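# Commentary on secondary and tertiary structure
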Amino acid sequence: MLRLKCLGQLTVVREDGQPLAGAASQPRRLAILALMARAGERGITREKVIGYLWPDSDEERARRLLSQAVYMLRRDLGSDDAIIGVRDLRIGSDILTSDVAEFQQAMGARGYDKAGAI
């Protein structure tokens, strides 16, 4: 299982704590993962991701860049199920966990001590 760390230095790490290389270590692709982690189970639309990361690009080019980024992330994360969805994108929690999701769950359950420890 891989872990996305958003609180602190933005990175994807393996179970042994070593950072993942490749697409999952590039800033814009990490930003895509962070946006999906923040969106949680509801996911985030491709249009929103494009608006955040490629606001000045024409629509066709931005869509192509996002599609390429998602493809490369799935490849480097080791599973097509790492990113779920076509229109709305979300993290496949069986493949990739995130500190943001755990923090949101703890806050929602009023587990403030647990949230503070994340």
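This one's a predicted model, so the numbers in the text were calculated from it and none came from an experiment. By convention here, each chain's residues receive numbers from 1 onward along its written sequence. Only residues with pLDDT of 70 or above have their local features reported here, since the model is predicted, and side-chain atom pairs are shown and tallied only from 80 upward, although totals for entire chains, interfaces and linings are computed over all residues. Working from all heavy atoms in the structure, the side-chain values ignore hydrogens and water.

## Concerning a nonpolar patch on the surface
On the surface, Leu7, Phe103, Met107, Tyr112 and Ile118 cluster together into a nonpolar patch covering about 450 Å² of accessible area. Here tyrosine 112 shows up in helix H5 (residues 112-117). Remark: exposure states derive from per-residue accessible area (1.4 Å probe, protein chains only) relative to the maximum for the residue type, with buried under 20%, exposed over 50%, and partly exposed in between. For tyrosine 112, a relative accessible area of 49% puts it in the partly exposed group. Think of a patch as exposed residues, more than 30% relative accessible area, with no salt bridge, where like charges cluster within 9 Å and nonpolar side chains (Val, Leu, Ile, Met, Phe, Trp, Tyr) cluster within 5 Å. To measure how exposed things are, a 1.4 Å probe is used in the Shrake-Rupley method; for residues, cover is taken only from the protein chains shown. Salt bridge, as applied in this entry: a Lys or Arg side-chain nitrogen positioned within 4 Å of an Asp or Glu carboxyl oxygen. For the purposes of this entry, the term helix denotes a DSSP run of H or I that reaches at least four residues, the term strand denotes a run of E that reaches at least two, and both are numbered from the N terminus.

## Notes on the pattern of salt bridges
What the rule picks out here adds up to five salt bridges. Two residues, aspartate 76 and arginine 75, come together in a salt bridge whose shortest N-O distance is 2.9 Å. For aspartate 88, the salt bridge goes to arginine 87, with nearest N and O atoms at 3.0 Å. Judged by relative accessible area, aspartate 88 falls into the partly exposed class, the value being 31%. For arginine 87, a relative accessible area of 54% translates into the label exposed. Salt bridges sharing partners connect three or more residues here, namely Glu47, Glu59 and Arg63.

## Examining helix H1 (residues 27-39)
Working rule for helices: expected span equals 1.5 Å times residues minus one. The end-to-end C-alpha distance of H1 is 18 Å, a good match for the 18 Å that 13 residues give at a rise of 1.5 Å each. Among the residues of H1, those classed as buried are Arg29, Leu30, Ala31, Ile32, Leu33, Met36, Ala37 and Ala39. Looking at the residues trailing H1, positive phi occurs at glycine 40, about 70°.

## Observations regarding the environment of glycine 17
Mapped onto the elements of the fold, glycine 17 is located in the loop between strand E2 (11-13) and H1. Residue classification places glycine 17 among the partly exposed residues on the basis of a relative accessible area of 42%. Along the primary structure glycine 17 and serine 57 are separated by 40 residues, whereas in three dimensions their C-alpha atoms are 36 Å apart.

## So, the sheet that holds strand E1 (residues 2-5)
When DSSP locates at least two bridges between a pair of strands, those strands are taken to pair. Taken together, the three strands give an open sheet; going across it, the order is E2-E1-E6, and neighbouring strands pair in mixed fashion. Edge positions in the sheet fall to E2 and strand E6 (96-98), since each of these pairs with one other strand and no more. Recorded for the sheet is a direction-independent mean angle of 25° between the axes of neighbouring strands. Taken together, the three bridges between E1 and E6 define a ladder with parallel strand orientation. Counterpart to arginine 3 in the pairing with E6 is threonine 97. Whenever a helix is involved, its axis is fitted only over the stretch in contact; in every case the axis is a line through C-alpha atoms, and angles between N-to-C directions fall within 0 to 180 degrees.

## Some words on the nonpolar core
Joining through side-chain atoms within 4.5 Å is the link that ties buried Ala, Val, Leu, Ile, Met, Phe, Trp, Tyr and Cys residues into a set, and such a set is a nonpolar core. Counting residues in each nonpolar core, the largest one holds 30 residues, and the members touching the most others are Leu4, Val12, Ile32, Leu33 and Leu77. At the level of elements, E1, H1, helix H2 (46-53), helix H3 (59-77) and strand E5 (88-91) are the ones that each hand at least two residues to this core. A per-element tally of this core places H1 first, with seven residues. Working rule for contacts: check all heavy atoms of both residues, and any pair within 4.5 Å makes them a contact. Not counting the four nearest positions on each side in its chain, leucine 77 is found in contact with Leu2, Val12, Leu20, Ala24, Leu33, Ala82, Ile95 and Leu96.

Function cannot be read off these values alone, since they describe shape.
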